[in-house]
Amino acid sequence: MKRLFSILAILAIMAVGNTTLTAANTSGVFTEAAVNFAQDDASASEESSEESVGFHQELKNRFIEGGPGFMGIVLLCLILGLAIAFERIIYLNLATTNSKKLAQSVEDAMKSSGVEAAKEICRNTSGPVASIYYQGLDRMHEGVEASEKAVVAYGGVQMGQLEKNVSWVSLFIALAPMLGFMGTVIGMIQAFDKIEAAGDMQPSLVAGGIKVALLTTVFGLVVAIILQVFYNYIIAKIDSIVNDMEDASITLIDILVAHKNK
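Parameters at a glance
- Residues numbered from 1 in each chain as written.
- Predicted model: local features only at pLDDT ≥ 70, side-chain atom pairs only at ≥ 80, totals over all residues.
- Heavy atoms only, no water.
- Patch = residues over 30% accessible without salt bridge, like charges linked within 9 Å, V, L, I, M, F, W, Y side chains within 5 Å.
- Areas by Shrake-Rupley, 256 points an atom, 1.4 Å probe, with all protein chains shown as cover.
- Salt bridge = Lys/Arg side-chain N within 4 Å of Asp/Glu carboxyl O.
- Helix = DSSP H or I, 4+ residues; strand = E, 2+ residues; numbered from the N terminus.
- Buried < 20%, exposed > 50% of the residue type's maximum accessible area, 1.4 Å probe, protein only.
- Axes fitted to C-alpha atoms, helices over the stretch in contact; angles between N-to-C directions.
- Parallel < 35°, antiparallel > 145°, perpendicular 65-115°, else oblique.
- Left-handed = near helix turned anticlockwise from the far one by under 90°.
- Contact = heavy atoms within 4.5 Å.
- Phe/Tyr/Trp six-rings, centres within 6.5 Å; stacked < 30°, edge-to-face > 60°.
- Lys NZ or Arg CZ within 6 Å of the ring centre and 35° of its normal.
- Core = buried A, V, L, I, M, F, W, Y, C linked by side-chain atoms within 4.5 Å.

All right, on to a nonpolar patch on the surface then. Taken together, the side chains of F181, L221, I225 and V229 make up a nonpolar region of the molecular surface, amounting to roughly 390 Å² of accessible area. The element best represented in the nonpolar patch is helix α8 (residues 203–260), accounting for three residues. Within the fold, I225 resides in helix α8. Exposure remark for I225: the relative accessible area of 56% places this residue in the exposed category.

Set out below in structure tokens:
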């Protein structure tokens, strides 16, 4: 009986030992996997950071390789074009008014308090439509025809204000790729000069000059594309405001005619 208990005790100890060993091995496997996963994650983060930094560095290097002369002028075209475009966008957004609401307010004021009250509403409202309304109301004592002429004349003035400096953006759009092409031609000439000086057609001599030449063209086209997007938005905004001004002018003349016939 004692021998039986001894055998059972030995078997129990062996079973506990195997279980402990298995758990330890399993824990080691999971620990190693977690460490590997953390290392892989850190490596991926480092690679992503290197790629992000590498893109900006690559862009900077390409810009420097293109040459400070033409690349600097192309960059100046981009900066000036964007500055004018942003100024026009802000101005046009501030010039946008609810012409229907303004027309209704002017009509109600004229019915209740007269022309001076309507002029006061126009003075307190910003935008070209309100300015046109004020000019038309200010000539009301001279007749409807005089008001109509004032509206048409001042509408042309307001249109000129809306289109102010927009031609400069179109100039930079045309100038940027032209400068890029000029840099390309100069780079090709320099490449052929190197070939002539070396007296041998070596690929390394040609490749360097052509690469610099093409970089100026690429940056010039990129600048033109960016400015073209803003230019088209500005032109579309101007057309929208001008159409609104024309419609509001017709509404104002109708209001003046209706008020004079009373």
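More follows now that the structure is in view.
Let's shift gears to the packing of helix α3 (residues 99–112) against helix α4 (residues 115–123). A pair of packed helices is captured by two measures, namely the crossing angle of their axes and the spacing between those axes. One way to put it is that α3 packs onto α4 with a least axis distance of 7 Å and a crossing angle of 155°. Considering their axes alone, α3 and α4 lie roughly antiparallel with respect to each other. Once α3 is placed against α4, the crossing between them reads as right-handed. Of α4, the residues touching α3 (which contributes L102, S105, V106, A109 and M110) are V115, A117, A118, I121 and C122.

This part covers the packing of aromatic side chains. In this structure the tally under the stated criterion is one aromatic pair. Seen in terms of ring centroids, F86 and F230 are 5.4 Å apart; in terms of plane orientation they differ by 85°. Their pairing is edge-to-face. Of this pair, F86 sits in helix α2 (residues 68–95) while F230 sits in helix α8, and the two are 144 residues apart along the sequence. Note on F230: relative accessible area 23%, which makes it partly exposed. Taking the ring centre of Y91 as reference, the NZ or CZ of R88 above it sits at 4.5 Å.

Here we come to the nonpolar core. Considering soluble globular proteins, one finds that nonpolar side chains tend to be buried as a cluster. Ranked by size, the top nonpolar core spans 31 residues in total, and within it V106, Y133, L137 and L162 carry the most contacts. Looking at this core, the elements with two or more residues in it are α2, α3, α4, α5 (128–138), α6 (144–162) and α8. Among the elements that make up this core, the one with the highest residue count is α8 (10 residues). Not counting residues within four places of it along the chain, the set of residues in contact with L137 comprises V106, M110, V115, A118, K119, C122, L252 and L256. Core analysis: the second largest hydrophobic core is formed by 12 residues, V169, I173, A176 and L227 among them.

This brings us to the packing of α3 against α5. α5 packs onto α3 with a crossing angle of 25° between their chain directions and a minimal axis gap of 10 Å. As judged from the angle between their axes, α3 and α5 are roughly parallel. Classified by chirality, the crossing of α5 by α3 is right-handed. Contacts from S99, L102, A103, V106 and M110 of α3 reach α5 at V129, A130, Y133 and L137.

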